[in-house]
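One-letter residues, chain by chain:
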Amino acid sequence: MRNGIIRGTMFDDITVLLVETGMGKVNGAHGATKVLLTAKDSPPDMIINLGIGGAYPQMGLDKGDVAISSKEVYGDEGVFTSEGDFLGVEEIGIPLCEKDGRPYYNEFLMDSKLTEKALYIISNNAPPGIKVKRGVFVTVSTCTGANARAVELRDRYNGLCENMEGAAIAHICAMYGIPMIEVRGISNIVRDRDKKDCNINLAAKNCQEVVITLLENLKP
Ligand SMILES: O=C(O)c1cccc(C(=O)CC[C@H]2O[C@@H](n3cnc4c(=O)[nH]cnc43)[C@H](O)[C@@H]2O)c1
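Keep in mind that this is a model prediction, so the values were computed, not measured.

A.B. asks: Even after reading the chapter, I still don't get the environment of Ile181, so can you show me in this structure?
C.D. replies: By the secondary structure assignment, Ile181 is in strand E12 (residues 180-189). Residue classification places Ile181 among the buried positions, given that 23 C-beta atoms sit within 10 Å. On a C-alpha basis, the gap between Ile181 and Gly31 in space is 15 Å, while along the polypeptide they are 150 residues apart. Not counting the four nearest positions on each side in its chain, Ile181 is found in contact with Met46, Ile48, Met110, Leu114, Thr115 and Ala118.

This is the structure in structure tokens:
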């Protein structure tokens, strides 16, 4: 390991830079930036963000299932008013970043062709019994530990699951024009907090397994 990055070759001919980012948006963005700095002479074909996440209730995912992002949303970047309304940064009128004249606010779309391919590969190779769904990922600073807030975020964004890094990594990818895929194993259902009701090992294991299959099958 050099500079917190493992460089390796998989399936004979794919060069992989593996970064363990740590938790949260700053660590996520720092991890993506480290990849870009390490690979500065030859930008990566893509960044794959993998990890665990909490599935919003009644979205069809259980612990151990796998979610693929169609879009990343910063779920709590904005203003909370005295009337109890949340206003995203577009309503404030200040983009989070701009690329080629295009402003980005709370949302970062994934490359649809790449995620379509990822969905196809992962769905067709996932271990038996594991459901695979694509949908909107919500990035939060505070893990949601209350039913009412889970339903609020799910309904505001049509969210499939939440995490704490994805939008920040998508933000860096958008700024540098790097395609991104995000895959997460579901460790918990987002609801009233119950620490015992979380299976991090299963979620991480399943996510790792499907991402290895993805790498193997993404080869040109
Ligand atoms: O203490 C708790 O109740 C609790 C509940 C869920 C997750 C945590 C974590 O500290 C894990 C944060 C870590 O994992 C991702 N993650 C997993 N589940 C969720 C979630 O429900 N909401 C947000 N993030 C989640 C996240 O990306 C972090 O890397 C603690």
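A.B. asks: Help me understand the site of the ligand, please; the structure alone is not making it clear to me.
C.D. replies: Around the ligand, 19 residues are found, and the nearest of them are Met23, Gly54, Cys143, Asn163 and Met164. Elements with a contribution of two residues or more to the shell around the ligand: strand E3 (47-55), strand E11 (159-163) and E12. The element that contributes the greatest number of residues to the shell around the ligand is E3, accounting for four residues. Of the residues assigned to the shell around the ligand, the class counts are seven nonpolar, eight polar and four charged.

A.B. asks: Before we go on, may I ask you to explain the pairing of strand E4 (residues 66-74) in this structure?
C.D. replies: Two faces, one strand: in a regular strand the side chains alternate between the faces of the sheet. With eight of its nine residues buried, E4 lies for the most part within the structure. Sheet topology places E4 next to strand E10 (residues 132-139); eight bridges connect them, and they run parallel. Directly across from Lys71, in E10, lies its bridge partner Val136. Judged from the three bridges that link them, E4 and E12 form a sheet pairing that is antiparallel. Looking across to E12, one finds that Ile68 is bridged to Val183.

A.B. asks: I tried to follow unusual backbone geometry on my own but got confused; where do I start?
C.D. replies: Among all residues except glycine, the phi angle is most often negative; among peptide bonds, the trans geometry is most common. At Asp12, a residue that is not glycine, the phi angle is positive and equals roughly 75 degrees. As for its position among the elements, Asp12 is in the loop between strand E1 (5-10) and strand E2 (14-19). Asp12 sits in the exposed class, given 6 other C-beta atoms within 10 Å. Even without being glycine, Asn158 reaches a positive phi, approximately 55 degrees. Checked against the element boundaries, Asn158 lands in the loop between helix H4 (147-157) and E11.

Reading guide: rules and limits
Residues numbered from 1 in each chain as written. Predicted model: local features only at pLDDT ≥ 70, side-chain atom pairs only at ≥ 80, totals over all residues. Helix = DSSP H or I, 4+ residues; strand = E, 2+ residues; numbered from the N terminus. Buried ≥ 20, exposed ≤ 12 C-beta atoms within 10 Å, placed from the backbone. Contact = placed C-beta atoms within 7 Å. Near = placed C-beta within 6 Å. Nonpolar A, V, L, I, M, F, W, Y, C, P; charged D, E, K, R; others polar. Pairing = 2+ DSSP bridges.

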